[in-house]
Amino acid sequence: ERLRRVAWMFESHRSGPGETTMQYSFRGKVVVLIDEMSSSDAELFAAGFQTMKLGKVIGARSWGGAVGYSGNPECSLVDGGSFTIPSFGPYLGNEWLIEQKGVIPDIPVANLPIESFHGTDKQLDAAIREVLKEIKASPDVKIPEHPQFPVRAYDNAKCLADQQEEGAKTEL
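For every chain, the first residue of its written sequence is number 1, and the numbers climb from 1 along that sequence. A pLDDT threshold of at least 70 governs which residues receive local features in this predicted model, and a stricter bar of 80 or more applies before side-chain atom pairs are shown or counted, although totals over entire chains, interfaces and linings include all residues. Note that the side-chain values use all heavy atoms of the structure and ignore hydrogens as well as water.

Novice: If you had to explain unusual backbone geometry to someone new, which residues and values would you point to?
Specialist: Positive phi, normally seen in glycine, also occurs at Ser40, with a value near 55°. Runs of H or I in DSSP of at least four residues are treated as helices and runs of E of at least two as strands, each being numbered from the N terminus. Here Ser40 shows up in the loop between β3 (32–34) and α1 (41–51). Think of it in three bands: with a 1.4 Å probe and only protein chains considered, a residue is buried below 20% of the maximum accessible area for its type, exposed above 50%, and partly exposed in between. For Ser40, a relative accessible area of 40% puts it in the partly exposed group. Positioned with a positive phi, Lys53 is a non-glycine residue whose angle comes to about 55°. Structurally, Lys53 is set in the loop between α1 and β4 (57–59).

Novice: Provide a residue-level description of the nonpolar core, including the pertinent values.
Specialist: Ranked by size, the top nonpolar core spans 9 residues in total: Val32, Ile34, Ala46, Ala47, Phe49, Val57, Ala66, Ile98 and Val103. For this core, the secondary-structure elements that each account for two or more residues are β3 and α1. It is α1 that contributes the most residues to this core, 3 residues altogether. Two residues qualify as a contact provided that any one of their heavy atoms is within 4.5 Å of a heavy atom in the partner residue. Contact partners of Ile34, with chain neighbours within four places excluded, come to Ala46, Val57, Ile58, Gly59, Ala60, Ser62, Val103, Pro105 and Gln123. Only buried Ala, Val, Leu, Ile, Met, Phe, Trp, Tyr and Cys residues count toward a nonpolar core, and they belong to the same one when joined by side-chain atoms within 4.5 Å.

Novice: Help me get a handle on the pattern of salt bridges, residues and values and all.
Specialist: When their charged atoms lie close together, side chains carrying opposite charge are able to pair. Salt bridges are identified by distance alone: a Lys or Arg side-chain nitrogen within 4 Å of an Asp or Glu carboxyl oxygen. As enumerated under the stated definition, the model contains 4 salt bridges in all. Close ionic contact of Glu115 with Lys122 constitutes a salt bridge, the shortest N to O distance being 3.1 Å. Of the charged contacts, one joins Glu130 and Lys133 as a salt bridge, the two residues approaching to 3.4 Å between their closest N and O atoms. Here Lys133 and Glu130 lie together in helix α3 (residues 122–137), a separation of 3 residues that amounts to about one turn.

Novice: Please set out the side chain of Glu43 residue by residue, giving values where relevant.
Specialist: Within the secondary structure layout, Glu43 lies in helix α1. Here the positive residues are Lys and Arg and the negative ones are Asp and Glu; neither His nor the chain ends is included. Salt bridges are absent for the buried Glu43, whose nearest opposite-charge side chain, Arg61, sits at 6.2 Å. Identification of polar contacts relies on pairs of N or O atoms within 3.5 Å, with a donor-acceptor requirement for protein atoms, meaning one able to donate a hydrogen and the other able to accept it, and with residues adjacent in sequence counted only if both atoms are side-chain atoms. At 3.3 Å, the side chain of Glu43 and the backbone nitrogen of Ala66 are in polar contact. Sequence-distant contacts of Glu43, that is, excluding residues within four places in its chain, are made with Ser38, Ser62, Trp63, Gly64, Gly65, Ala66, Ile98, Gly102 and Val103.

Novice: Give me the lowdown on α1, citing residues and values where you can.
Specialist: Within the sequence span of α1, burial applies to Glu43, Ala46, Ala47 and Phe49. Along the long axis of α1, the arc covered by the buried residues comes to 160°, so they all point the same way. As for α1, its buried residues are in contact with β3 and β4. Directly after α1, the chain includes Lys53, whose backbone phi takes a positive value near 55°. Note that the arc is defined by the directions from the helix axis to the C-beta atoms.

Novice: Quick rundown of α3? Include the residues and the values.
Specialist: Helix span, as expected, comes to 1.5 Å for every residue beyond the first. Between its terminal C-alpha atoms α3 stretches 22 Å, which fits the 22 Å expected from 16 residues at 1.5 Å a residue. Every buried residue belonging to α3 is among Gln123, Ala126, Ala127, Glu130 and Glu134, and all of these are buried. In an axial view of α3, the angular spread of the buried residues amounts to 100°, which keeps them on one side of the axis. Those residues of α3 that are exposed and aimed more than 90 degrees away from the buried face are Arg129, Leu132 and Lys136. For α3, the elements touching its buried residues are β3, β4 and β9 (107–108). The N-terminus of α3 is capped by Asp121, whose side-chain oxygen sits 3.2 Å from the backbone nitrogen of Gln123.

Novice: Give a description of the sheet that holds β4 that names residues and reports values.
Specialist: Strand pairing is assigned whenever DSSP detects at least two bridges linking the two strands. Reading across the sheet, the 3 strands line up as β3-β4-β9 and stay open at both edges, with parallel pairing between neighbours. The strands lining the two open edges of the sheet, one partner per strand, are β3 and β9. Strand direction decides the pairing type here: β3 and β4, joined by 3 bridges, are parallel. Looking across to β4, one finds that Val32 is bridged to Val57.

Okay, structure coming up:
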């Protein structure tokens, strides 16, 4: 929800820079990283981020198991353990959203195990490149300059003249 907040109005003290009236509005660039281990709420977040076009999803297809359960029925096992049966899943329009297909990234990037072992993270590198590209293409996230401050000084002569003019209109 916070990533969808839009700064649409601004305010300024009589001295200093302006600020947005929408607290916590995000006006920067952002991407989401996913991989085959992303599951459950991570998949829901990535799918929502992608669907609402808040930025790019980068990495590998997610697990594909975003199926929820309500805790009922919870079945007990003889050894004291238990299990639940998946009972609901997310959909959008006329299509099941994640189950058995996962979230497909906008920019697919694989992290090979040997590269990860050696400290390389191609997904993170791709994310940084994408954010830098977006900043270069649209760098302006500055708060706009405030307009000229109004003059609201009390002018006694003008006030009296306005009152007299109003009184003259009322007498007619």
